[in-house]
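Reading the structure
In case you want the letters, here they are:
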Amino acid sequence: MNDRHYKDYIQIGLNIMRYRKEQGLTQEQLADMTGYTRNHIQRVETANSKPSVGLILEVSKALRVPVEQLMKTKQ
């Protein structure tokens, strides 16, 4: 992925993974809760796919974590 925001996508993926694991959820469980596939969740967590706004909103709801926390990046 050649994108000027690639480092941000990495951080967003790590944030999703962190909150998912803190709640003891697997990628499959999060996928079931959000309507996305486990493969798509895995690709977002590893920054192999850009997270859509829809995915971020669904993950935020499923994990009960504010969108701002999922989007938090290092400056």
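Described below are features of the structure shown in this document. All values reported here derive from a predicted model rather than from experimental measurement. (Residues numbered from 1 in each chain as written. Predicted model: local features only at pLDDT ≥ 70, side-chain atom pairs only at ≥ 80, totals over all residues. Heavy atoms only, no water.)

With respect to the environment of Ala31
Mapped onto the elements of the fold, Ala31 is located in helix 2 (residues 27-34). Sequence separation of Ala31 and Tyr19 is 12 residues, and the distance between their C-alpha atoms is 14 Å. (Helix = DSSP H or I, 4+ residues; strand = E, 2+ residues; numbered from the N terminus.)

Some details on unusual backbone geometry
Of note in this structure, Ala47 is not a glycine but carries a positive phi near 60°. Locating Ala47 in the fold gives a position in the loop between helix 3 (38-45) and helix 4 (53-63). Ala47 gets classed as buried once you look at its relative accessible area, which sits at 2%. Its identity as a non-glycine residue notwithstanding, Arg64 has a phi of 55°, on the positive side. (Buried < 20%, exposed > 50% of the residue type's maximum accessible area, 1.4 Å probe, protein only.)

Some remarks on the environment of Leu25
Topologically, Leu25 is positioned in the loop between helix 1 (6-22) and helix 2. Among the residues examined, Leu25 registers a relative accessible area of 17% and is labelled buried. For the pair formed by Leu25 and Asn48, sequence separation is 23 residues and the distance between their alpha carbons is 21 Å. Those residues in contact with Leu25, other than ones at most four positions away along the chain, are Arg20, Met33 and Leu63. (Contact = heavy atoms within 4.5 Å.)

Section: the pattern of salt bridges
Tallied over the full model, the rule gives four salt bridges. For the salt bridge of Arg18 with Glu22, the shortest nitrogen-to-oxygen distance reads 3.1 Å. Linking Arg18 with Glu22, this pair stays in helix 1, spanning four residues, or about one helical turn. With its nearest N and O atoms 2.7 Å apart, the salt bridge here joins Arg20 to Glu45. With Arg20 in helix 1 and Glu45 in helix 3, this residue pair connects regions lying 25 residues apart in the sequence. Here the two residues Arg20 and Glu45 agree in accessibility, since each one is buried. (Salt bridge = Lys/Arg side-chain N within 4 Å of Asp/Glu carboxyl O.)

Overview of the side chain of Gln27
Structurally, Gln27 can be placed in helix 2. Relative accessible area serves as the criterion here: at 17%, Gln27 is assigned to the buried category. Not counting residues up to four positions away in its chain, the partners in contact with Gln27 are Arg20, Arg38, Ile41, Gln42 and Glu45.

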